[in-house]
There are 2 protein chains.
Amino acid sequence: MDLVALMAEKRRAIEAALSRYLPDESHRLTKAMRYSLFAGGKRLRPILSLLSYEAVGGNNPEEIMPVACSLELVHTFTLIHDDLPSMDDDDFRRGKPSSHKTFGEGMAVLAGDALMIDGMGLMARSTASSRLVKRAISEFARTLGSAGVTMGQADDLYGEGRNPKHLRHIHLRKTALFIAFSVKAGALIGGANEELLNKLYRAGVLAGMGFQVCDDIMDVICSREELGKTPGKDEDSLKLTYPAVYGLERSRRISQSYADRSVEILTSLGPEWERLAALTDYLVRRRR
Amino acid sequence: MDLVALMAEKRRAIEAALSRYLPDESHRLTKAMRYSLFAGGKRLRPILSLLSYEAVGGNNPEEIMPVACSLELVHTFTLIHDDLPSMDDDDFRRGKPSSHKTFGEGMAVLAGDALMIDGMGLMARSTASSRLVKRAISEFARTLGSAGVTMGQADDLYGEGRNPKHLRHIHLRKTALFIAFSVKAGALIGGANEELLNKLYRAGVLAGMGFQVCDDIMDVICSREELGKTPGKDEDSLKLTYPAVYGLERSRRISQSYADRSVEILTSLGPEWERLAALTDYLVRRRR
């Protein structure tokens, strides 16, 4: 299996669907939404949900594409709000000036809001059974809201990230739960049973933790050009990262160990999960 | 019918449900969410949806309360973000320091985000048929997102509100569509047919316009103590309002005319819509 080619193929399909779903640039709000959405992301979350959906035998784009693209809209919302001056105050994202540098702070808040809201609405456009779509929306909101990603960002903002005890919790909430939901959502929309969904969620949490630790590592070793955002930012702000707490080598082992445990679960599910397992492994080996 | 007593009764039921649905104050994020949510709003949108649900014969709180309360969570999200320094920069809301003055700007952004997300998730908890709940979520997102409330706020931010031609559009997007959805949502969850839903939506748009013009009028004539937010703010910022364009007396007539047309539609639907009609009329006569 050529993982790189597979990811490129899925990425193209997702880009095309995103462009269809998003309003055109005739308004400055939608222009700001498109600016951040088409700044060159990996489309990791949509790809995870697609591979998971296909692994349980799903083959109807009208069922899965609204869900997959919804994940990307909402992910982009979190990036825009995280970069705001009142949050991480980051001037660059994916190698381009961040939203508030380009459109002003108020419009960046609104572009994030609209991506979040339109993203939720897009998920509701899936043609899968209403029961499954309703459940996906409900679990998505739980993943993102006051007990999930947003709480993780609030802890981060308030400096909990300087406490090693809280580092794992913040990584879990800010990244791993979202990755886990992405993996689970595809199989959920494809009609998987509870036992399989639980295993996929567990595999997704582990993959997400490995991915975030890898992100911490790259932030230490990469230049801005490679990374597309301001590197060493986490060091400057005294925000703790895995390399800062455990050193670079041990962080690499932690990241790989998370991925290995995720791959182990996925492999145990049968050959149809091979592609998702390969992607999980890739996530901690990537260099950007 | 004693409208004031009816509203007080519904308001109490909604307050109790809101408190059950919301997480406790153990985290500073959830504390910020509760601070704004329990700052003493009229609970207008939930009450509209409740009355509409009951008018079509609905009588199961498990069906309607999650939807009704969802409207209030999301309405509170729009207030918090509208007050941000990068938006209207308002230091007071409902007579108390606004969220960013109390919790800081970053936390106010996040409290708004979490109310929005939790609100969407709460709507998905309605026990009405999945098909109806999915549709309600989809229409709610369309009401709020890049073609609705958020676009209205973006136009307002960018100064379109200084152009009389755009004033009606901004009022429509920022307020009237949300009110209209609130009226429609109750009947939708209660199983109403398309013809009735369309009439209710039309009545809701008219009621929402009347309500917003009345809001403009109160902003001109009330002191801060009565209003709970900074009065004359709209004048200072050169933002156009109905009184600024049409004068106070003509604005009153416009507001009442909107309400009259709304009441006319509701009255034509039969005696079970009498309570909603009375509330619509009250909305343009209120003094705060």
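Before going into details, it helps to say that this report is about the structure given with it. (Residues numbered from 1 in each chain as written. Chains lettered and ligands numbered in written order. Predicted model: local features only at pLDDT ≥ 70, side-chain atom pairs only at ≥ 80, totals over all residues. Heavy atoms only, no water.)

**Observations regarding the overall build of chain A**
Here is step 1 of the chain: Along the backbone of chain A there are 15 helices and 2 strands.
Here is step 2 of the chain: At 18 Å, chain A has a C-alpha radius of gyration in line with the 19 Å of a compact globule built from 288 residues.
Here is step 3 of the chain: In terms of its C-alpha atoms, chain A occupies a principal-axis envelope of roughly 50 × 45 × 35 Å.
Here is step 4 of the chain: Sorting the 288 residues of chain A into buried and exposed places 61% on the buried side.
Here is step 5 of the chain: Contacts in chain A between residues at least 24 apart in sequence constitute 73% of all its contacts with a sequence separation of at least 6.
Here is step 6 of the chain: Carbon and sulfur atoms form 48% of the exposed surface of chain A, whose accessible area is close to 11,100 Å².
Here is step 7 of the chain: Distance between charge centres in chain A, computed from 40 positive and 38 negative side chains, equals 1 Å. (Helix = DSSP H or I, 4+ residues; strand = E, 2+ residues; numbered from the N terminus. Rg over C-alpha atoms; globule rule 2.2 N^0.38 Å. Buried < 20%, exposed > 50% of the residue type's maximum accessible area, 1.4 Å probe, protein only. Contact = heavy atoms within 4.5 Å. Areas by Shrake-Rupley, 256 points an atom, 1.4 Å probe, with all protein chains shown as cover. Lys, Arg positive; Asp, Glu negative; His and termini not counted. Charge placed at Lys NZ, Arg CZ, Asp CG, Glu CD.)

**Things to note about unusual backbone geometry**
Here is step 1 of the chain: Even without a glycine there, the phi angle at D89 of chain A is positive, about 50°.
Here is step 2 of the chain: When you line up the elements, D89 of chain A lands in the loop between α4 (61–83) and β1 (92–93).
Here is step 3 of the chain: Relative accessible area serves as the criterion here: at 37%, D89 of chain A is assigned to the partly exposed category.
Here is step 4 of the chain: Phi is positive for R94 of chain B, which is not a glycine, with a value near 50°.
Here is step 5 of the chain: Within the fold, R94 of chain B resides in the loop between β1 (92–93) and β2 (96–97).

**Points about the relation of the copies chain B and chain A**
Here is step 1 of the chain: If you rotate chain B by 180° and push it 0.0 Å along the axis, it lands on chain A with an RMSD of 0.0 Å. What we have between these two chains is a two-fold relation. (Least-squares fit on C-alpha atoms with pLDDT ≥ 70 in both.)

**Structural notes on the packing of aromatic side chains**
Here is step 1 of the chain: One pass over the structure, following the stated rule, counts 8 aromatic pairs over all chains.
Here is step 2 of the chain: Pairing Y35 of chain B with F103 of chain B gives two aromatic rings, centres 5.2 Å apart and planes at 80°, and the pair type is edge-to-face. With Y35 of chain B in helix α2 (residues 28–37) and F103 of chain B in helix α5 (residues 99–103), this pair connects stretches of sequence that are 68 residues apart.
Here is step 3 of the chain: Through pairs of rings, three or more aromatic residues link up here, namely F140, F178 and F181 of chain A.
Here is step 4 of the chain: Sitting above the plane of the F178 of chain A ring, R45 of chain A keeps its charged end 5.2 Å from the centroid. (Phe/Tyr/Trp six-rings, centres within 6.5 Å; stacked < 30°, edge-to-face > 60°. Lys NZ or Arg CZ within 6 Å of the ring centre and 35° of its normal.)

**Here's the deal with the pattern of salt bridges**
Residues and elements named next belong to chain A.
Here is step 1 of the chain: Per the counting criterion, the structure on display carries 34 salt bridges over all chains.
Here is step 2 of the chain: Residues E54 and K10 are paired through a salt bridge, measuring 2.9 Å at the closest nitrogen-oxygen approach. A residue pair is termed long-range when its members are at least 10 positions apart, and E54 in helix α3 (residues 44–55) and K10 in helix α1 (residues 3–21) qualify at 44 residues.
Here is step 3 of the chain: Owing to a relative accessible area of 27%, E54 belongs among the partly exposed residues under this scheme.
Here is step 4 of the chain: The shortest N-O distance in the salt bridge between E139 and R135 comes to 2.8 Å. (Salt bridge = Lys/Arg side-chain N within 4 Å of Asp/Glu carboxyl O.)

**Brief notes about the interface of chain B and chain A**
Here is step 1 of the chain: Each partner contributes to the interface: chain B provides 44 residues, whereas chain A provides 44 residues.
Here is step 2 of the chain: For the pair chain B and chain A, the two sides together bury roughly 3,600 Å², of which 72% comes from carbon and sulfur.
Here is step 3 of the chain: By the criterion of area lost to chain A, the three top residues of chain B are I117, K134 and S146 of chain B, representing 18% of everything that side buries.
Here is step 4 of the chain: For the pair chain B and chain A, the interface holds 0 salt bridges.
Here is step 5 of the chain: Between chain B and chain A we count 8 residue pairs in polar contact (both at pLDDT 80 or more) in total.
Here is step 6 of the chain: Elements with a contribution of two residues or more to the side of chain B that touches chain A: α2, α4 (61–83), α6 (105–123), α7 (130–144) and α8 (149–157) of chain B.
Here is step 7 of the chain: Top contributing element to the side of chain B that touches chain A by residue count: α6 of chain B, with 12 residues.
Here is step 8 of the chain: The residue makeup of the side of chain B that touches chain A, split by class, is 23 nonpolar, 13 polar and 8 charged. (Buried area = accessible area lost by both parts, 1.4 Å probe. Polar contact = N/O pair within 3.5 Å; in protein donor to acceptor, adjacent residues only side chain to side chain. Nonpolar A, V, L, I, M, F, W, Y, C, P; charged D, E, K, R; others polar.)

**Details of the packing of helix α7 (residues 130–144) of chain A against α7 of chain B**
Here is step 1 of the chain: Two numbers describe how α7 of chain A lies on α7 of chain B: the axes approach to 8 Å, and their chain directions differ by 50°. Between α7 of chain A and α7 of chain B, the angle is such that the two are oblique. The element α7 of chain A and its partner α7 of chain B pack so that their crossing is left-handed. Each of S130, R131, V133, K134 and I137 of chain A in α7 of chain A lies in contact with α7 of chain B, whose residues at this interface are S130, R131, V133, K134 and I137 of chain B.
Here is step 2 of the chain: For the contact of α7 of chain A with α7 of chain B, a count of residues per class yields 4 nonpolar, 2 polar and 4 charged. (Axes fitted to C-alpha atoms, helices over the stretch in contact; angles between N-to-C directions. Parallel < 35°, antiparallel > 145°, perpendicular 65-115°, else oblique. Left-handed = near helix turned anticlockwise from the far one by under 90°.)

**Overview of α7 of chain B**
Each turn of an α-helix holds 3.6 residues, which means side chains three or four residues apart point in the same direction.
Here is step 1 of the chain: For α7 of chain B, built from 15 residues, the straight-helix expectation of 21 Å at 1.5 Å per residue is met to within 8% by its first-to-last C-alpha distance of 21 Å.
Here is step 2 of the chain: Of all 15 residues in α7 of chain B, 11 are buried, a share of seventy percent or more.
Here is step 3 of the chain: Elements that come into contact with the buried residues of α7 of chain B comprise α6 (105–123) and α7 of chain A together with α4, α6, α8 and α9 (164–189) of chain B. (Expected span 1.5 Å × (residues − 1).)

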